Amino acid sequence: MYTCRDCSQSFSTELALELHRDKCEKGQLFCESCGGRFSERVATRDGWHYRCPDEDCDGEGLGEDIVRIEDIKAATQ
């Protein structure tokens, strides 16, 4: 069994897990610089350095310009 580390959903094949990772909403990232939303896979190649995949954006750094969707808190008045 293969399990998504973000949502804990299990899959019978590694391919099914890989396909799921691109769409897993809990694994999505958000760039505070440009407002873009994207998967972790397109933001990093080595798992340590993160950069916004938008060519016109300079956002980088997980926890700096780039945050996990689940860490964003809605503002209320």
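In short, a report on the structure. (Residues numbered from 1 in each chain as written. Predicted model: local features only at pLDDT ≥ 70, side-chain atom pairs only at ≥ 80, totals over all residues. Heavy atoms only, no water.)

So, on to the side chain of Glu40. Examined against the element boundaries, Glu40 turns out to sit in helix α2 (residues 40–43). Its relative accessible area of 11% is what places Glu40 among the buried residues. A polar contact of 3.0 Å, which involves the side chain of Glu40, links it to the side chain of Arg5. Dropping the residues within four chain positions of it, Glu40 is found in contact with Arg5, Gly27, Leu29, Tyr50 and Arg68. (Helix = DSSP H or I, 4+ residues; strand = E, 2+ residues; numbered from the N terminus. Buried < 20%, exposed > 50% of the residue type's maximum accessible area, 1.4 Å probe, protein only. Polar contact = N/O pair within 3.5 Å; in protein donor to acceptor, adjacent residues only side chain to side chain. Contact = heavy atoms within 4.5 Å.)

What follows covers the layout of surface pockets. Approximately 240 Å³ is the volume found for the largest pocket. In this structure, the largest pocket is lined by Arg5, Asp6, Glu18, Arg21, Asp22, Gly27, Ser39, Glu40, Arg41 and Thr44. Listing elements by their share of the lining of the largest pocket, those giving two or more residues are α1 (14–21) and α2. Each residue belonging to the lining of the largest pocket can be placed in one class, and the counts come to no nonpolar, 3 polar and 7 charged. (1 Å grid on protein atoms, 1.4 Å probe; cavity = no way out; pocket = protein on both sides within 12 Å on 5 of 7 lines; lining within 4 Å. Points joined across faces, edges and corners; volume = space filled by probe spheres on them. Nonpolar A, V, L, I, M, F, W, Y, C, P; charged D, E, K, R; others polar.)

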